Every structure is written in structure tokens, then in C-alpha cells.
Amino acid sequence: MPGAIYAEGLVKTFGDVRALDGVDLDVPEGTVLGLLGPNGAGKTTAVRCLTTLLTPDSGKATVAGIDVLKHPNEVRRSIGLSGQFAAVDEYLTGRENLQMVGQLYQMKAKEAKERAGELLDRFNLADAADRPSKTYSGGMRRRLDLAAALVVSPPVMFMDEPTTGLDPRNRQGLWEVIQELVAGGTTLLLTTQYLEEADHLAHDICVVDHGRVIARGTSDQLKARTGGERVEVVVHDRGHIATASEVLRGFGKGEVAVAEHTRKMTVPVTGGAKLLAEVIRELDARGIEIDDIGLRRPTLDDVFISLTGHAAELPDAGADAEAEAGADAGPHADAGPHAGPGSGADTGSQRKKEADK
Amino acid sequence: MSTSTATDAAVKAGPRPAGGIRQSVRDSLVVAKRNLIRMVRIPEVVLFGLIQPVMFVILFTYVFGGSIQVGGSLSSQDYRNFLMAGIFAQTVTFATAGAGAGIADDMHKGLIDRFRSLPMARGAVLTGRTIADLAQTALTLVVLAGVALLLGWRTHENFGKILAGFGLLLLLGYAFSWIGALIGLSVRTPEAATSGGLIWLFPLTFISNAFVDSNKLPTFFRHIAEWNPFSTTVQACRELFGNLPPGFKTPDAWPMQHPVLASVLWSVLILLVFRTLAVRKYRSAAA
Ligand SMILES: Nc1ncnc2c1ncn2[C@@H]1O[C@H](COP(=O)(O)OP(=O)(O)OP(=O)(O)O)[C@@H](O)[C@H]1O
Ligand SMILES: [Mg+2]
């Protein structure tokens, strides 16, 4: 059974630009999908297609089991949207904005008013509730827009970069709101530039670039795909680089990447902290003075850069990854199958990038 | 605040099924209220909307007043009475540029996206906007009529007919505001909507009987002027206000002979055609 958000082969072109070039998505009910990708990747376009604001050129999509193209108005009843740019009326107060949205979701005036009050409290806007939203700061406006998306707590939510422009406290607050919603059964599609956010909130992650899904899986699967843990060493003396590299080669599971000017070496390892201790002892025994040493696990940032950087260098790479994804049972097959030759290449390019630093 | 309250509210609020006409009316009024609040908070817009026609009345009566012959009369009192229906009609017509600019502005700011993602009646965003504009136009007409009376404008028919005349003016303005709405949805910026919304108004209002006796126009323009929906309403108002100058020869064109009926027909036709087009455009508009 398809999930609460389902898309198959979505294509949308704007003139020469293929903003979406055959995107498949499947978000099971009650989960969060994080859509990641560089600027212009097609995230917003995907959100707009799924929320009935744009008609895709081809492909199909259902939201909450309803066909987006055939029954857009029924879909609108089941979704809440917070777009990339806050869409609130500047001359209306925060309260009036939320009340209006509530009434347009067909709430009674009184209900809409109560709900507006609740949401203003929840998003720390109570103090500014009766000022025109023109006087709000960017982050306040953003929060008002998010509140508008939550007016009826619809079963399916779309948030396009919801925390862009929020200060850390309000970002944390929004994360809590999102977690509560999801615990209550809401399905969420979230786009973000903050990989930490996807890591924290999303059950599954899709990385898109040039309108295609170039990788998908859980955050751990994607990290594993980029390569396991590595030991990173910065030696004090440039003259020690050669010896240190030799030591690392002995412990490592692959090539040692060397950045001459920063005196930094990186090598993939298995064995964790115990191995790190051995490396330190050995370097010490050889009298190599070290400025910094550590065990590094890949972050989603590494994943992001390795995946999208790779695609930019080799235009074909995206197509390969997509072909592999197509061979998978479906959009939800894990990232395992990708960990073949493609993943080795990714890790290689990652290392090369680091070496270039 | 906890999730349970949110969920409860959602269940209580539970999006109701669409209620056809009732929902359309309700949604339109919600949007109209929003636009009226904006007018109150940005009074400059309403104020400038008032100053312009008042200026026109003063300029036309005092600058051209004595030099334009209408019917067989060169009297400035006769011209003043003759002119006023033209100025009223021009006022309701020029007010339509605002609808387009407002809608283009909403698109630009992403508000139309917000509305389009809500389960609201299809035409309600545009209907709400045009209704709010209609209210503003009505207010402008009241003030303008007051100024006109002060400057010596006089009617010679009963109150019912005068009200009917203003009714026709508002109907014409409402119909034209849908043309403005369509322009606003078709252009990319609010600036383009303002100029695009004004351009067509000049030929419309000047190739007409608004400021001169159409009998005196060159034949080609005379025909256009006499079939122009704008002229039709002006002629209807002159009849209803008793403002046709002595010795005025009513042109033979059908709309001039039956101006009240022709004015209603024109306005309803324009309203239906442009409302349909604008609503269709709204549904496919991409900001
Ligand atoms: N209305 C439009 N007209 C023309 N091109 C468009 C339009 N909307 C999007 N595009 C193009 O489609 C591509 C995808 O844009 P989209 O807004 O979906 O990217 P995004 O992933 O959301 O980027 P960002 O992270 O910057 O928000 C871009 O190349 C963009 O220029
Ligand atoms: Mg975007």
C-alpha cells in the first residue's frame, strides 16, 4: 500500500530547466521524510507539485491516498503547507491571519479564533499577536506562517525549509512541535539545508540534485554509504608527514589522504577508540609530535557534499544512481544496494576533496 | 500546549465538506473582510482614490466648463450637469486598476499560494477582492457626489432613478474589476499590473460620450463611442439623473436609444466572461 505521500515519476519543466526529472517518493504514514539537496535541486518544485500548487508535466502523486491531479480540493483538506517564503498578510495582525486561515479551512469563526489563540501561544507570538505582521521580525513571520500550516493539524504536512531564519531556541521549539505532531500520527515532508535537522527529525532521507533522487535511506545508511569512521591526524611538524602516513597505512583499511599545507592525514579505519589509542601510542613511540588527533564519523554534511559534489563533477553519476534506485524494489529499499561500486567512488571523491583542502 | 489539544481542535474543526454556494459566499466574505481591514490600515490608498476624481471634477468644470458645447447649449451649468455622469463612470472604471495591482501583489508575496493550498471555494479570493473594491468605490462615489453637489451639480429626476443610476455605475465598476483581476493574474509584478490595468482605460473612457457630445465626434470614433459599454452607462445615468442638456439629440445607435437596458446587458456580459476567465487563470496561476 502506498504511503501517506506517494509520487511516481514526477516531471516538471520550466522552459529548458528540468526542475523535476522523474522523482519517486514514498512516505509511510506517521513518518518524516527529509528532502535534501543543493539550491535549485527541485525541492520546492516537488513540494509545490504535491500541494496542488503546480501541475506536473507527467507522473502521478497521491497524498493521504487521494490523487493530487484528479482531486486537488480533497487533497487541500488533508494538508498543511508552510512554503519556503512566509506567506502571511503584512497588514493583518498575527491573530487575524490565523483566524482567516482557520475560517478558510471551514472552521466556525469562534473556533478559528480559539485555535488562533492556542497557536500564538505555542509559537511564542502571544505578545505580538495583535500587531500587524508587517512589524514582525523575519523569524516571527516565519513562525506565524508555520502556525498557519498547523491550524487544523492536518494528517499530512509539508514544510519547505521551516527553520531557515529561526534562532536556535525557536528552532528547538519547532523541532519539539514537529516531534509531537509526528508522535500524534502526522506524516511530514520536510525540506532543509540543515543536515543536523534531517538527522534529528527525519526517519528517511532523500537527496535530490538536478531534479533527480540521487540517494535515499535512513541517515545511518547514507552515512555508511559515504564510508565508515576515519582517524584524522594533524602533525606538528611538516617533516613528520611521511612517517605518520606510514603508521596510519599500517592501521588503516584504505588509502591515506594527505593535505600537505594543513599537515592533516585521514584514513578509513575499523576498530573505534581502541584502535585510536593504539595509533596514538605508535605515533608517540616514533617521536611524532601531534597537534590534533581524533576519530571521525561521517556527518550528513559529508554525505551531502560527497553525493552532490560528485554529481556536479560527473554529470553521469546522477543517472547511474537513479538507475540503481530504479532496480530496487521501490523507493523504500534501503541504501544497501548502493554500497557497491558507486559508494567506493563516492568515498574516493570525498577523500580527494579533503586532500584538496 | 500539547499535541492532544492540537488533535482535539483538529477533530472539532474537522474540515467540513464543501458547501457549494454557501461556502463560496462565506469564503468570499472572509477574504473581503481581509481586504477591508487592509484598506483601513492603508488609508492612503482610499484617500488617493478620492482625490483623483475630485480633481477631475474641478478641472473639467472650471477649465473646460464654458468652452464645450453639449446639445445646443454652451451654458456651463448644462455642461456641469452633463459632465458629472461621465466623471462618475470614469471614477468607477479607474478604480479597477487597484484590483489587479492588489492581486498581483498577493501573488508576488506568496499569499495566493497560501490561499490556493487551502480547501476554499475556487473564486473566493477574487470575489472577496472585487467585493472589497466595490465597497471602496461606493464610498468614493458618495464623497464625489457630495463634492459635485457643492460645485453646483443638480439632478432633475426622482430619488429612485438617481439611486438606479448609481446602481448601474457600481455594476459597471464591478464588471470591469474582473478585467483588472485577470490582468493582475496575468502579469509578473504589481508594477506591471498597475500600468497594464490603466492602459486600456484611456481609450475606453476617452472614445466615449463622457466628456463631449458623441454626435460631434468623427464618424469612425462616433460609432465606437456609441457602442462602448462605458458610454452606455454614462448615457443611462444622464437619463436617470435628468442631466441631458436642452436640445440634445440622442444618437440612433441601439445602446444610446435604450441605455439602461444596454448598460445592464453589457455589464452582465463582461462580468460573466471575465469572471470565468479570471477564475480559470487563478487556478492555474504560478507565482
Ligand atoms: N516558476 C519558475 N519558473 C522558472 N524556473 C523555475 C521556476 N520555479 C523553479 N524554477 C527552476 O527550477 C529549478 C528548481 O527550483 P526549486 O525552487 O525547486 O529548487 P530548490 O531545491 O527548492 O532550491 P532552494 O534550496 O534554493 O530553495 C531551479 O533551477 C529553478 O530555477
Ligand atoms: Mg526551495
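Residues numbered from 1 in each chain as written. Chains lettered and ligands numbered in written order. Predicted model: local features only at pLDDT ≥ 70, side-chain atom pairs only at ≥ 80, totals over all residues. Heavy atoms only, no water.

The name given to chain A in an unreviewed UniProt entry is ABC-type xenobiotic transporter, with Streptomyces typhae as the source organism. According to the UniProt record, the Subcellular location (unreviewed entry) comment for chain A reads "Cell membrane". For chain A, the Sequence similarities (unreviewed entry) comment in UniProt is given as "Belongs to the ABC transporter superfamily. Drug exporter-1 (DrugE1) (TC 3.A.1.105) family." (UniProt positions renumbered as here; feature names shortened; annotations may be inferred.)

Focus on the overall build of chain B
Along the backbone of chain B there are 14 helices and zero strands. Across chain B, helices and strands are ordered from the amino to the carboxyl terminus as α-α-α-α-α-α-α-α-α-α-α-α-α-α. When each of the 287 residues of chain B is scored for burial, the buried share is 54%. The long-range share in chain B, meaning contacts at least 24 apart out of those at least 6 apart in sequence, stands at 82%. Chain B carries 25 positive and 14 negative side-chain charges, and their two centres are separated by 7 Å. (Helix = DSSP H or I, 4+ residues; strand = E, 2+ residues; numbered from the N terminus. Buried < 20%, exposed > 50% of the residue type's maximum accessible area, 1.4 Å probe, protein only. Contact = heavy atoms within 4.5 Å. Lys, Arg positive; Asp, Glu negative; His and termini not counted. Charge placed at Lys NZ, Arg CZ, Asp CG, Glu CD.)

As for the coordination of the magnesium ion (ligand 2)
Here the magnesium ion (ligand 2) is held by Thr44 of chain A (OG1) and Gln84 of chain A (OE1), and the distances to it run 1.9 to 2.1 Å. Highlighted residues: threonine 44 of chain A in helix H1 (residues 43-50) and glutamine 84 of chain A in the loop between strand S6 (79-82) and helix H3 (94-104), separated in sequence by 40 residues. (Donors = N, O, S within 2.8 Å, 3.2 Å for Na, K, Ca; no water.)

Some words on the packing of helix H8 (residues 159-186) of chain B against helix H12 (residues 229-241) of chain B
Geometry of a packed helix pair, given as the angle between the helix axes and the separation of the axes. Residues and elements named next belong to chain B. Contact geometry of H8 with H12 gives a least axis separation of 8 Å together with a crossing angle of 165°. It follows that H8 is roughly antiparallel to H12 by the angle criterion. Here H8 and H12 pass one another in a crossing that is left-handed. Listed contacts from H12 to Lys161, Ile162, Ala164, Gly165, Phe166, Leu168, Leu169 and Leu172 of H8 are Pro229, Phe230, Thr233, Ala236, Cys237, Leu240 and Phe241. A class-by-class count of the residues in the contact of H8 with H12 yields 12 nonpolar, two polar and one charged. (Axes fitted to C-alpha atoms, helices over the stretch in contact; angles between N-to-C directions. Parallel < 35°, antiparallel > 145°, perpendicular 65-115°, else oblique. Left-handed = near helix turned anticlockwise from the far one by under 90°. Nonpolar A, V, L, I, M, F, W, Y, C, P; charged D, E, K, R; others polar.)

Some points on H3 of chain A
Buried residues dominate H3 of chain A, accounting for nine of its 11 residues. Where H3 of chain A is buried, its residues contact helix H4 (109-122) and helix H5 (138-149) of chain A together with helix H2 (20-41) and helix H6 (111-116) of chain B.

Quick notes on the domain arrangement of chain A
Taken domain by domain, chain A comprises domain 1 (5-224) and domain 2 (227-297). Averaged C-alpha coordinates put domain 1 of chain A and domain 2 of chain A at centres separated by 44 Å. (Domains from an automatic or database assignment.)

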